[in-house]
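The chain contents come next:
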Amino acid sequence: TPANRSTQQVANAAGAMSMVSVPKFKVCVCGGSGGIGQPLSMLMAMDEHVGELTIYDLSLAPVPPEGVAADLSHMEMGCRVRSYSLDITTGAKPVDHLRECLQGCHLVLVPAGVPRKPGMDRADLLNVNLGIARDLVEACATYCPDAILGLIVNPVNSVVPAMAELYKRRGLDPRKVCGVTTLDCVRANKFVHEITGVPTASINVPVIGGHAGATILPLFSQDPAGAKLPEEVLRALDKRVQDAGTEVVKAKSGKGSATLSMAYAGARFGKAVLAGLAGERRTECAYVMSDVTELPFFTSKVTFGPSGVEEVHPLGQLTAYETERLAEAKKLLKEEISAGMTALGGASRL
């Protein structure tokens, strides 16, 4: 009957849609045993575009990467999970041992480095974490030079320019190196939701500049819900987004930092990159090589596509307050970019 034929046609169409092949990619999480790395690995393993997930960490990590991979492998998901560890007490470096781990990767997320400790100044932190990042980025340059690198290594404002310069010196595309600043956007969106009640799915506050302190500049005026808030509320929210990491550290009584929210934000960045590689262009804010200001690196909206970073968007219209804050952010960011280049070795191009 016509009704039966119609039902069968619907069933056939549904079956055909279910058989459509979803592009699959290889993803590595470097630092996958850590406080950010474990939940980030889980969230990436749940992404439909991830066909293979490799988890790398040091053998001295409190939780062995082999254990993280075994744990994730019991989840109901289609991706293959493998682990790799490195014993640095032998003097080995990632580039010596991570060929299998990194080869064929399309996306490498790097939640690595040490937190700032008592008595450690910003220069000390930069030197330690720059060394960690450099070892990993050199391995990526060797084994997966076309992969997108999402760096979650503090201080991001200094580390990312240095690592992009390293890529440039190797003859590779420095725009493959991205600083993951998504958490600033996530926080700005959530804080506007808390005040306005507007669903978070309908809020999209761009956060530009950098990824530390006053270099973080939420553009509340560019979101319909945020734009309706009084200026005194916006100024307070601006400051809260800047200091949100400290808010979490205090709430954890100094026994931890923003690990879960950072993993959530890192996965959001990762999913945008993979969707773009699959042909579904996505836009997120990220800290990348840029010409939207006079600075060589800057956070703004970035569109990811099949080739990775496809467009770095201009800042758009700013309010008088945002323009004032932009000048402050750029002054600080210029110094932090220069610090990264100096620590890497070689003249800053500013």
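Since we're looking at a predicted model, the values are computed, not measured.

Asks: Explain helix H12 (residues 260-277) here, please?
Replies: Quick reminder: α-helices carry 3.6 residues per turn. Residues three or four places apart thus point the same way. If you check H12, its first and last C-alpha atoms are 26 Å apart, about what 18 residues at 1.5 Å a residue would give, namely 26 Å. Here H12 lies mainly inside the structure; 13 of its 18 residues are buried. Positive phi appears at glycine 279, one or two residues downstream of H12, with a value of about 100 degrees.

Asks: What should I look at first to understand the side chain of asparagine 129 in this one?
Replies: Mapped onto the secondary structure, asparagine 129 falls in helix H6 (residues 122-143). Contact partners of asparagine 129, with chain neighbours within four places excluded, come to Gly113, Val114, Val153 and Asn154.

Asks: Before we go on, may I ask you to explain the environment of glycine 150 in this structure?
Replies: Note that glycine 150 resides in strand S5 (residues 148-151). By relative accessible area, which is 0% here, glycine 150 ends up buried. Distance from glycine 150 to threonine 196, taken between C-alpha atoms, is 32 Å for residues 46 residues apart in sequence. If near-sequence neighbours (up to four positions away) are discounted, glycine 150 is found in contact with Val108, Leu109, Val110, Cys178, Val180 and Phe269.

Asks: Is there a simple way to think about the confidence of the model for the protein in this case?
Replies: Do not read the predicted coordinates in detail wherever pLDDT is low. Confidence in the prediction of the protein, expressed as mean pLDDT, is 93, and 93% of residues score 70 or more. Confidence drops under a pLDDT of 50 for residues 14-18, and excluding neighbours within four residues, the segment shows zero contacts in the predicted structure.

Asks: Even after reading the chapter, I still don't get the packing of aromatic side chains, so can you show me in this structure?
Replies: Geometry of an aromatic ring pair is reported as the spacing of the ring centres plus the angle between the planes. This model, assessed by the stated rule, comprises two aromatic pairs. Between the aromatic rings of phenylalanine 269 and phenylalanine 304, the centroid separation amounts to 5.5 Å while the plane-to-plane angle is 90 degrees, which identifies the pairing as edge-to-face. With a gap of 35 residues between them, phenylalanine 269 in helix H12 and phenylalanine 304 in strand S10 (residues 297-305) connect regions that are remote in the sequence. The exposure class assigned to phenylalanine 304 is buried, which follows from its relative accessible area of 0%.

Asks: It is not clear to me how the nonpolar core should be interpreted in this structure. Could you clarify?
Replies: Soluble globular proteins: nonpolar side chains tend toward being buried together. Tyr56, Leu102, Val108, Leu151 and Met163 are the most contacted members of the largest nonpolar core, which totals 49 residues. With nine residues, the top contributor of residues to this core is H6. If we skip the residues at most four places from it in the chain, leucine 151 touches Val110, Val137, Val156, Val159, Val160, Met163, Val177, Cys178, Gly179 and Val180. One finds Leu72, Leu277, Val302 and Val309 within the second-largest nonpolar core, a separate group that totals 38 residues.

Asks: Before we go on, may I ask you to explain the environment of glutamate 336 in this structure?
Replies: Along the chain, glutamate 336 turns up in helix H13 (residues 320-344). As a C-alpha pair, glutamate 336 and glycine 131 span 205 residues in sequence and 17 Å in three-dimensional space. Glutamate 336 has contacts with Arg122, Asn157, Ser158, Ala212 and Thr215, leaving out every residue within four places of it along the chain.

The rules behind the values
Residues numbered from 1 in each chain as written. Predicted model: local features only at pLDDT ≥ 70, side-chain atom pairs only at ≥ 80, totals over all residues. Heavy atoms only, no water. Helix = DSSP H or I, 4+ residues; strand = E, 2+ residues; numbered from the N terminus. Expected span 1.5 Å × (residues − 1). Buried < 20%, exposed > 50% of the residue type's maximum accessible area, 1.4 Å probe, protein only. Contact = heavy atoms within 4.5 Å. pLDDT = per-residue confidence, 0-100. Phe/Tyr/Trp six-rings, centres within 6.5 Å; stacked < 30°, edge-to-face > 60°. Core = buried A, V, L, I, M, F, W, Y, C linked by side-chain atoms within 4.5 Å.

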